[in-house]
Every structure is written in structure tokens, then in C-alpha cells.
Amino acid sequence: MSDSLNLKAYDLWKTYGDEPVVQGISFTLAPGEIVGLLGPNGAGKTTTVGMLFGTVVPTKGFVQFGPWQLPGQGQLARAQMGIVTQEDNLDPDFTVFKNLTHFAHHYRITDAAARQRAGELLALVNLEHRAEAQVDELSGGMKRKLVLARALLNRPKIVFLDEPTTGLDPDARQDFWRLVQHLKASGCGILLTTHYMDEAQRLCDRLLLLQQGKVIDEGTPTDLVARVIGREVAEIGGVEAQILQDLAARHGAWYRAFGNGHLVALPDREPEVVWDAIAAHHPSRLLRRPANLEDVFLRLTGSVLE
Ligand SMILES: Nc1ncnc2c1ncn2[C@@H]1O[C@H](COP(=O)(O)OP(=O)(O)OP(=O)(O)O)[C@@H](O)[C@H]1O
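This structure is a prediction, so every number in the text was calculated from the model and none was measured.

What to know about the overall build of the chain
Along the backbone of the chain there are eleven helices and 14 strands. With the C-alpha coordinates aligned to their principal axes, the bounding extent of the chain is approximately 75 × 45 × 35 Å. Counting the 306 residues in the chain, one finds 38% classified as buried. Sequence separation of 24 or more characterises 67% of the internal contacts of the chain that already satisfy a separation of 6 or more.

Considerations on the UniProt feature "domain: ABC transporter" (unreviewed entry) in the chain
Look at the UniProt record and you will see "domain: ABC transporter" (unreviewed entry) annotated at residues 7-237. Helix makes up 35% of residues 7-237 and strand 29%, whereas the separation of the span's terminal C-alpha atoms amounts to 47 Å.

Side note on unusual backbone geometry
In this model, leucine 70 is joined to proline 71 through a cis peptide bond whose omega is 10°. With respect to the helices, strands and loops of the structure, proline 71 is situated in the loop between strand S5 (68-70) and helix H2 (74-78). A positive phi angle, close to 45°, is found at aspartate 11, a residue other than glycine. For aspartate 11, the location among the structural elements is in strand S1 (residues 7-16). Residue aspartate 11 is classed as exposed on the basis of its C-beta count, with 12 C-beta atoms lying within 10 Å. You will see that asparagine 126, though not glycine, has its phi angle at about 60°, which is positive. In this fold, asparagine 126 is placed in the loop between helix H4 (111-124) and helix H5 (140-151).

Conventions and cut-offs
- Residues numbered from 1 in each chain as written.
- Predicted model: local features only at pLDDT ≥ 70, side-chain atom pairs only at ≥ 80, totals over all residues.
- Helix = DSSP H or I, 4+ residues; strand = E, 2+ residues; numbered from the N terminus.
- Buried ≥ 20, exposed ≤ 12 C-beta atoms within 10 Å, placed from the backbone.
- Contact = placed C-beta atoms within 7 Å.
- UniProt positions renumbered as here; feature names shortened; annotations may be inferred.

The following block contains the structure:
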């Protein structure tokens, strides 16, 4: 696929009143890549997606998508884009099939071509058997898949997925993830917002961690975890905080009170030494586990994502 269909965000800012909700976000999304915007509620994810899609006008900065600059050339750019917003906004008066054929008119796909494309997409998302169902007869997961199918009517080069699996059960989420991976394999660039760490870890090639509208760190999920935390973490209960803080400081390890226990990162260069030192205090609970993105967020922001 042409390299010219990169999406590039240049120093995007958005202010509402006096409130800066996005503060200088820059990044590139290439074809076949999944970039994740990960952050708590209100971090500015949806506002950023709006600016990338050209429906929210930046206070400063711009977006270049192939030959088009947004927001000015938003309409031309959007002809090559798809979006799954947080709300389903499907038409409840239409069947599943008609939701697709009707929406296809936006792209001047009509009649037999629209029916053919609708059929292909329903097959892709495994909803062929529900083609004649009314939208409100669908499960939450089916609705999300239908919204995704609708976003693909125009064969977009880039798709924005704004918290696409929020509220879905684990099976439906995995089902959705498979479709996202299929899209990636077909060369589509994907921008995913999520506050699910497992989703970010599983799907994203690269992550931008957002807090209060700013990118506080970025990298591949694996690199972020390795760089910010290391390989392993001990979860500890029943030992005084001061003891663990001192122990961690002596070994240059990260310490954090967490819930009604504690976390201590086991430094990559001497994990056994720190582990044994913790165990010597006879914790009532002691768990050794791989470090993960939740630890990264906790370390960088002092809080966990819900
Ligand atoms: N149209 C608007 N007018 C005023 N403030 C807004 C508007 N849109 C968003 N905001 C504010 O901007 C901030 C960022 O909102 P945004 O929806 O981008 O965050 P988010 O990271 O997507 O959050 P969530 O995970 O809850 O969807 C919030 O404080 C929100 O209240």
C-alpha cells in the first residue's frame, strides 16, 4: 500500500474555554499498523480521534493524511476513513442489512453494488444469519460488529476505533479483536482508543499513553513494560510499608503501595536478591508475576485505569 497514506498528527491542541483537553499530540500511523491511545476517562482520547477524523477543529496543529490536510480537506480525507464511535448510532428502524445498504449511499454505493458490499461485510463479521433482524434484536457484541462493518463500506485505508469493546463480554471482545487483526493484515491503519490494558497489549503495535491531554510516554507495549518497570513484580501483603520502601530504595527498585498491599519491581539485574529479601520478612501474601501495562500506568501516573 502506498506510503503516502500515512496519517500524521502535528502538534494537536484542543482547548474548550480555558481548559486545554489535548496538549500537543504528534504521531504517525502507517498502513497495517495499530496505534493505541491509552488513558483514563477524560484524558482526551475521543477529542483526539475527532481531530484526526476532521470533525473536531484543533485549536492548534493539523493532521496530514496522504495528500489531504485536516480539518480543511476533511471531506476528501473521510472518503478514505472509517470510524467506530462509542455510541452505536445504528438506525433502529432498519434491518441489519438495510443499515449497511442505506449508509452505503453516503459513499455513492447504490443498488446491486451496495447489496453486494453489505453481503460481503456481513460475512466478514459473521452476521449473515442476522441480516434480516432488527437492530434492537442484536446483542451488544453484534451491534459493535455491525458498526465496524458499516465503517468498512468504503474500503477505508484508516479506521478509528473509539473504545470499541467497552461493555462487551470476554467472548465478544475476542471476536471483535479477531476482526481488528484481520483488518490490520489487510493493510488498514488502525487507531484504537481503550482503557483496557489487555486490549492494548494484545492488539497494539505502538501505544501513546495519555494523561490530561498529554502523551506521557510511548512505545511498543513490550518496550514500555521493560523500560518503565522491568521483567517482574512482586505483590506483597502483610509487611510494613516502611520496610519494603527501605528495601526497594536499597536495591534501586520501584515501590508502590497498592490496594491493601504493596508492589515491588524485581530489578532485572538481581531479581532473586530482592525476592529473597522480601520473602525473609514472611509476608502473609507473596506473588511473583510478569510486569504489565497496569504497572506502567501506575508508575507513570500514580493511579490505575478503570
Ligand atoms: N464539546 C466539548 N465541550 C467542552 N468540553 C469537552 C467537549 N468535549 C470534551 N470535553 C472535555 O474534554 C475532556 C476530554 O474528553 P474526551 O472525551 O476527549 O476524553 P476521553 O479520554 O475520550 O474520555 P472517555 O474515556 O471518558 O471517553 C473532558 O474533560 C471532557 O469533559
